[in-house]
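# Topology and contacts: notes
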Amino acid sequence: MKLVLLGAGGFIGSNLVEYLIARAEHEVVGVDVSAEKLAGISGDNFSFVEADITDAQDLINDVIAGADVVVDLVAYANPSIYVESPLEVVELNFFENLRIAESCIRHNKRLIQYSTSEVYGKNPTSPRFVEDESELILGPVTKQRWIYAASKQVLERMLHGYGLQGDLEYTVVRPFNFVGPRFDYLVEAGTRGGPRVFAHFMSALLTGGPMYLVDGGTQRRCFTHIADANEAFTVLLDHPESINQAFNVGNPATDTSIRDLAILMKGIYADLTGDTPHNELVEISGEEFYGVGYEDTNRVPPDISKLATLGWKPRFDLETTFRDAIQYNLGQDNPSTTMGGAR
Ligand code: NAD
Ligand code: UGA
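Rules of the game
- Residues numbered from 1 in each chain as written.
- Chains lettered and ligands numbered in written order.
- Predicted model: local features only at pLDDT ≥ 70, side-chain atom pairs only at ≥ 80, totals over all residues.
- Heavy atoms only, no water.
- Buried < 20%, exposed > 50% of the residue type's maximum accessible area, 1.4 Å probe, protein only.
- Helix = DSSP H or I, 4+ residues; strand = E, 2+ residues; numbered from the N terminus.
- Pairing = 2+ DSSP bridges.
- Contact = heavy atoms within 4.5 Å.
- Salt bridge = Lys/Arg side-chain N within 4 Å of Asp/Glu carboxyl O.
- Expected span 1.5 Å × (residues − 1).
- Near = heavy atom within 4 Å.
- Polar contact = N/O pair within 3.5 Å; in protein donor to acceptor, adjacent residues only side chain to side chain.
- Areas by Shrake-Rupley, 256 points an atom, 1.4 Å probe, with all protein chains shown as cover.
- Nonpolar A, V, L, I, M, F, W, Y, C, P; charged D, E, K, R; others polar.
- Arc of directions from axis to C-beta.
- Axes fitted to C-alpha atoms, helices over the stretch in contact; angles between N-to-C directions.
- Phe/Tyr/Trp six-rings, centres within 6.5 Å; stacked < 30°, edge-to-face > 60°.
- Lys NZ or Arg CZ within 6 Å of the ring centre and 35° of its normal.

### What about the pairing of strand β4 (residues 69-72)?
Covered by surrounding structure in β4 are Val69 and Val71 together with Val70 and Asp72, the residues of both alternating faces. The pairing of strand β1 (residues 2-6) with β4 spans 4 bridges and is classified as parallel. Note that in β4 the partner of Leu6 across the bridge is Asp72. Inspection of the sheet shows β4 paired to strand β5 (residues 110-114) by 4 bridges, in the parallel sense.

### Details of the environment of Leu5
Counting through the fold element by element, Leu5 comes out in strand β1. Excluding anything up to four places from it in sequence, Leu5 contacts Gly13, Leu16, Val17, Leu20, Val28, Val29, Gly30, Val31, Val71 and Leu73.

### What to know about the pattern of salt bridges
Any two side chains of opposite charge can pair, on the condition that their charged atoms come close. Per the stated rule, a full pass over the model turns up 15 salt bridges. Across the salt bridge formed by Asp184 and Arg196, the nearest N and O atoms sit 2.9 Å from each other. Of this pair, Asp184 sits in the loop between β7 (178-179) and α6 (197-207) while Arg196 sits in the loop between β7 and α6, and the two are 12 residues apart along the sequence. The exposure class of Asp184 is buried, given its relative accessible area of 4%. Look at Arg196 and you get partly exposed, because its relative accessible area is 25%. Between Asp271 and Arg323 there is a salt bridge, and its shortest N-O distance comes to 2.8 Å. Of this pair, Asp271 sits in helix α8 (residues 258-273) while Arg323 sits in helix α11 (residues 318-329); the two residues are 52 residues apart in sequence, bridging distant segments of the chain.

### Overview of helix α4 (residues 86-107)
For α4, which comprises 22 residues, the first-to-last C-alpha distance of 31 Å matches the rise-based estimate of 32 Å (1.5 Å per residue) to within 8%. Burial in α4 covers these residues: Val89, Val90, Leu92, Asn93, Phe94, Glu96, Asn97, Leu98, Ile100, Ala101, Ser103 and Cys104. Against the buried residues of α4 lie β1, α2 (57-65), β4, α3 (79-84), β5 and α5 (146-165).

### Some words on the site of ligand 2
Lining the immediate environment of ligand 2, one finds 25 residues, of which Tyr82, Thr116, Arg145, Arg221 and Asp296 sit closest. Between ligand 2 and the protein, one listed contact pairs an oxygen atom with a side-chain N or O atom of Thr116 at 2.3 Å. Within the side chain of Asp296, one N or O atom sits 2.4 Å away from an oxygen atom of ligand 2. Burial of ligand 2 by the protein amounts to 96% of the accessible area it has alone, namely 710 Å². Looking at the shell around ligand 2, the elements that each hand over two or more residues are α3, α6, β8 (211-214) and α9 (286-290). Grouping the amino acids of the shell around ligand 2 by side-chain chemistry returns 15 nonpolar, 5 polar and 5 charged.

### Regarding α2
Of the positions making up α2, those classed as buried are Ile60, Asn61, Val63 and Ile64. Projected down its long axis, α2 carries its buried residues within an arc of 165 degrees, all on one side. Exposed side chains of α2 directed beyond 90 degrees from the buried face belong to Asp58 and Asp62. In this structure, the buried side of α2 is in contact with β1, β2 (27-32), β4 and α4.

### Considerations on the sheet that holds β2
Ordered by their spatial adjacency, 7 strands build an open sheet running β3-β2-β1-β4-β5-β6-β11, and the pairing between neighbours is parallel. One side of each edge strand has no neighbouring strand; the edge strands of this open sheet are β3 (46-50) and β11 (245-249). Ignoring which end each strand starts from, the neighbouring axes of this sheet average 20 degrees apart. The strands touched by α2 within the sheet are β1, β2, β3 and β4, with β2 carrying the most contacts at an inclination of about 165 degrees.

### Here we look at the side chain of Ser242
Tracing the chain through its elements places Ser242 in the loop between α7 (226-238) and β11. Given the relative accessible area of 0%, Ser242 is considered buried. Engagement of the side chain of Ser242 in a polar contact is seen with the backbone oxygen of His239, the distance being 2.9 Å.

### Description of the packing of aromatic side chains
For the structure shown, the criterion picks out 11 aromatic pairs. With a centroid separation of 5.7 Å and an interplanar angle of 65 degrees, the aromatic rings of Tyr212 and Phe289 are classed as edge-to-face. Of this pair, Tyr212 sits in strand β8 while Phe289 is found in helix α9, placing the two residues 77 residues apart along the sequence. For Tyr212, a relative accessible area of 15% gives the class buried. Residue Phe289 is classed as buried on the basis of its relative accessible area of 6%. A network of ring pairs unites the aromatic residues Phe11, Phe183, Phe198, Phe223 and Phe322 as a single cluster. One Lys or Arg, Arg145, reaches over the ring of Trp146 and ends 6.0 Å from the middle of that ring. Above the plane of the ring of Phe247 lies Lys306, whose end atom (NZ or CZ) is 4.9 Å from the centre.

Bear in mind that shape data such as this cannot, by itself, settle questions of function.
And the structure:
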C-alpha cells in the first residue's frame with residue numbers, strides 16, 4: 001500500500017516513518033514543512049515532499065489522490081501554543097484538517113486522523129476514559145487551552161458524520177502522551193511555556209536548570225512509549241474493524257504525577273550518566289508558566305480494551321519509557337544529541 005503521512009516531520013511522524021521503513025511493507029510518502037527531524041532517516045520505500053498544507057493545496061490534493069491511506073498528523077500540539085495563539089490552533093487543527101478529510105472524501109481514500117486524549121477534557125468521574133462512553137467535558141471559553149480539544153472534538157464529530165453518510169472511511173487515533181526520540185525541542189535553563197513536559201525536564205537535566213512543577217505537579221498523566229504507539233498504528237491500519245471508529249492509544253499502567261516524573265527522570269539520568277543531578281523542583285502557577293488562559297487536566301487515564309480486542313497492548317513500563325527517551329537525548333543510542341524542531 002502507499003501511505004501518505006501528513007506531518008511526517010514531527011515527533012510522532014518521524015518515529016512512524018522510521019518504523020515503517022524498517023518494516024518495509026508499505027511505500028511511505030512523508031509531507032511536512034520541515035524535514036529536520038527526518039535527518040538520517042531514509043529507505044527505498046520512503047520519499048519526502050516539503051510542503052505547507054495551508055498553501056500547497058493542489059499539490060496536497062495530488063499527493064492524496066495517489067495514496068491508498070492518508071495519515072493526518074498535522075497540528076499544533078503544544079499547550080503553550082493553544083494559550084498564546086488560539087486562533088492559529090483552530091485554523092490548523094480544525095479547518096486545515098477538515099480540508100484534508102474533504103480531499104480524502106473526494107478521492108475516496110481511507111483517512112487515519114490523529115486526534116487527542118484531550119477530547120475527554122476534565123471528565124472527573126470516569127475511572128478510565130472510554131472511547132464511546134465517557135463524557136467529553138471542556139473548560140470555560142476564557143481558558144483558551146480548551147480550543148485545542150474543541151477543535152479536535154468537532155473534527156472527530158464531523159468524521160463520524162461523514163462515516164455515517166457512507167462518504168468516508170476513517171479511523172481516529174487518540175494518543176495519550178507519547179514519549180520517545182525527537183520529542184519537541186530542547187530549551188535553555190529556566191524557560192517557561194515552549195515544549196511539552198519531557199522536553200522541559202530533559203533540557204533541565206542537560207543544563208542544570210530548574211524543573212518547573214506547574215501548579216504543584218500533582219496532576220497525573222499516563223505516558224506511552226513511542227514503540228508501543230507505532231505498533232498500535234499498524235494494528236489499526238491492518239484491521240478493517242478499526243474503520244469508522246475512534247481508539248485510545250495509551251498505557252494506563254504508567255500513571256504518574258508530574259512531580260514523581262521529575263524525580264524519576266533525575267534518577268534515570270543519574271543512573272545513565274553517573275552524575276547526580278542537582279536540579280531544583282520549583283512550583284509555579286499555570287499562569288506564570290504558560291500565560292493567562294491556561295487550565296489543566298488533573299488525570300488522563302485511558303481505557304484500552306477497545307484496541308486490545310484487535311490484539312494490541314502496550315509493552316513498556318514507565319521507567320523503560322523514560323529511560324529510552326533520556327538515553328536517546330544523551331546520544332548513547334543515537335548520533336543525534338538534540339531533539340530538533342521548532343514549535
Ligand atoms: P509535532 O508538532 O511534533 O508534529 C506535527 C508536524 O506537523 C510538525 O512536523 C509540523 O512541522 C507539521 N506541520 C505543522 N503545520 C504544517 C503545515 N501547515 N503543513 C505541513 N506540515 C505542518 O506533533 P506530534 O506530537 O508529532 O503530534 C502529531 C499529531 O498527534 C497531532 O495531531 C497532535 O495533536 C496529535 N497528538 C500527539 C500527542 C503526543 O503524545 N505527541 C498526543 C495527543 C495528540
Ligand atoms: C499534551 C499536548 O498538548 C497534547 O497535544 C496531547 O493531546 C497531550 O499532551 C497528550 O499527549 O495526550 P499535556 O498532557 O498537558 O498535553 O502535555 P505536556 O505539555 O507534556 O504537560 C503535561 C503536564 O506537565 C501538564 O500538567 C503541564 O502543566 C505539566 N508541566 C509541563 C510541568 O509541570 N512542567 C513543565 O516544565 C512542563
